[in-house]
Amino acid sequence: MAAVRGAPPKWKVEAVEEIRRIFSSYPVIAIVCFRGVPSNQMQRIRRDFRGKAVIKVVKNTLLEKAIDALGGDFEKLKEFIYDQTAIVATDINPFKLYKMLEETKIPSPLKPGQVSPVDVVVEKGPTPFPPGPIIGELQAAGLPAAIEKGKIVIKETVTVVKAGEVVRPEVARALEKLDIKPIKIGLDVRAIYDSGVILTPDVLAIDEEAMKGQIAEAFQKALNLAVNAAYVTEETAEILIMKAVMDAKNLAINAGIFEKDVMPEILSKAYAEMLALASLLPDEALDEDLKGRISGLKVEAKVEEKVEEKKEEEEEKEEEEESGEEEALEGLGALFG
């Protein structure tokens, strides 16, 4: 005769109902892992999130039952329920929530027997330890330790454990002695549900500095486009007015429009054109004043010409030196085959 299954315990029914209520009351739900988080750190996290979010450690089976009862888009969360699970319910933006949860993590040492999630590299250099038995412990962990100038030093940079490897006890002890904490422990986000959308860490992890740079670049390009297209906005109005003033001045100068704002530039242009024309005339066609002015221009032109010639000579000399070096190298190459 088949056994008759009794009704589920009242506490389980109440727990499932509470989870359903939480999911229904908040638009943003994070599924997080809390494995390895010490109780004192968990208490601190709860204090930091008080008034901002509800953090609840749940049994996976009860969480799945609550999601089954809710149905709909919540079903997508079931693939993220495994190991030790907690939920964080809030109305905070999911990207901001992810950043806040990442900030709960603190540096932590690796434990003996733990599978390392990262490569652990110990850099070469001095340690704070004087000569003593600790040198043997470091060497047992695979570290090339030696004594130099009254201190224990690591002679070479070495990877003591690779990602995916089990941490040997002697390695864990050596890393603890060296105060190397290669991992961070805290609430590890698996997924965040936001009004029907599932966001995973690869989407939520944003490089803020890179994002600021991209926004600044986009703004500059948009500003350039708006200015060149004469599109008037609050940001482009001043630039467009300045550009219009410059364009108007250039037009007035080139067209010889006698306006008081451009008269100094028109006179300067006319003076330069007059001197250029006078320099083409024979000396007997010029008075002493013009000869003096043109003479001054010729002196300036000669000085500029000499400067340019000197610059060209220096460039030619540099090219000759580079060519000589290349020929010498080719000769050495031919000599040694």
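Further up the page is the structure itself.
Residues numbered from 1 in each chain as written. Predicted model: local features only at pLDDT ≥ 70, side-chain atom pairs only at ≥ 80, totals over all residues. Heavy atoms only, no water.

**Notes on the sheet that holds strand β1 (residues 28-33)**
So, point 1. Pairing is antiparallel in the open sheet, where five strands are placed in the order β2-β3-β1-β11-β12. The sheet is open, and its two borders are formed by β2 (53-58) and β12 (197-199), each paired with just one other strand. When strand polarity is set aside, the average angle formed by the axes of neighbouring strands in this sheet is 20 degrees.
So, point 2. Here six bridges tie β1 to strand β3 (residues 85-90), and the two strands are oriented antiparallel to one another. Counterpart to Val 28 in the pairing with β3 is Thr 90. (Pairing = 2+ DSSP bridges. Helix = DSSP H or I, 4+ residues; strand = E, 2+ residues; numbered from the N terminus. Axes fitted to C-alpha atoms, helices over the stretch in contact; angles between N-to-C directions.)

**Brief notes about a negative patch on the surface**
So, point 1. A grouping of Glu 308, Glu 312, Glu 313, Glu 314, Glu 315, Glu 316 and Glu 318 is seen on the molecular surface, where their side chains present a negatively charged patch.
So, point 2. One can find Glu 318 in helix α11 (residues 288-336). (Patch = residues over 30% accessible without salt bridge, like charges linked within 9 Å, V, L, I, M, F, W, Y side chains within 5 Å. Areas by Shrake-Rupley, 256 points an atom, 1.4 Å probe, with all protein chains shown as cover. Salt bridge = Lys/Arg side-chain N within 4 Å of Asp/Glu carboxyl O. Lys, Arg positive; Asp, Glu negative; His and termini not counted. Charge placed at Lys NZ, Arg CZ, Asp CG, Glu CD.)

**Looking at the environment of Val 32**
So, point 1. Within the secondary structure, Val 32 sits in strand β1.
So, point 2. Placed 160 residues apart in sequence, Val 32 and Ile 192 show a C-alpha to C-alpha distance of 8.6 Å.
So, point 3. Setting aside residues no more than four positions away along its own chain, Val 32 makes contact with Gln 84, Thr 85, Ala 86, Val 88, Leu 101, Leu 187, Asp 188, Val 189 and Arg 190. (Contact = heavy atoms within 4.5 Å.)

**Observations concerning the environment of Thr 104**
So, point 1. Turning to its location among the elements, Thr 104 is positioned in the loop between α4 (94-102) and β4 (106-108).
So, point 2. Sequence spacing of Thr 104 and Leu 187 is 83 residues, and the spatial spacing of their C-alpha atoms is 6.5 Å.
So, point 3. Here Thr 104 is in contact with Gln 41, Arg 44, Ile 45, Phe 49, Ile 185, Gly 186 and Leu 187, once residues within four sequence places are set aside.

**Side note on helix α8 (residues 208-228)**
So, point 1. With 21 residues, α8 extends 30 Å between its outermost C-alpha atoms, agreeing within 8% with the 30 Å of an ideal straight helix rising 1.5 Å per residue.
So, point 2. Looking at the buried positions of α8, the neighbouring elements they touch are α9 (237-255).
So, point 3. Positive backbone phi, at 55 degrees, marks Ala 230, one or two positions downstream of α8. (Expected span 1.5 Å × (residues − 1).)

**Overview of the packing of α9 against helix α10 (residues 263-278)**
So, point 1. Axis separation between α9 and α10 bottoms out at 9 Å; the angle between their running directions is 40 degrees. Taken together, the axis directions place α9 and α10 in an arrangement best described as oblique. In this structure, α9 meets α10 at a crossing whose hand is right-handed. The segment α9 lies against α10, with Lys 249, Ala 252, Ile 253 and Asn 254 engaging Glu 265, Ile 266 and Lys 269.
So, point 2. Each residue belonging to the contact of α9 with α10 can be placed in one class, and the counts come to three nonpolar, one polar and three charged. (Parallel < 35°, antiparallel > 145°, perpendicular 65-115°, else oblique. Left-handed = near helix turned anticlockwise from the far one by under 90°. Nonpolar A, V, L, I, M, F, W, Y, C, P; charged D, E, K, R; others polar.)

**Digging into the sheet that holds strand β6 (residues 125-126)**
So, point 1. Strands sit in the order β6-β8-β7 across an open sheet of three strands; the sheet is antiparallel. Of all strands in the sheet, those bounded by a partner on one side alone are β6 and β7 (145-148).
So, point 2. When β7 meets strand β8 (residues 151-154), the two strands line up antiparallel, connected through four bridges. Opposite Ala 145, over in β8, you have Ile 154 as the bridge partner.

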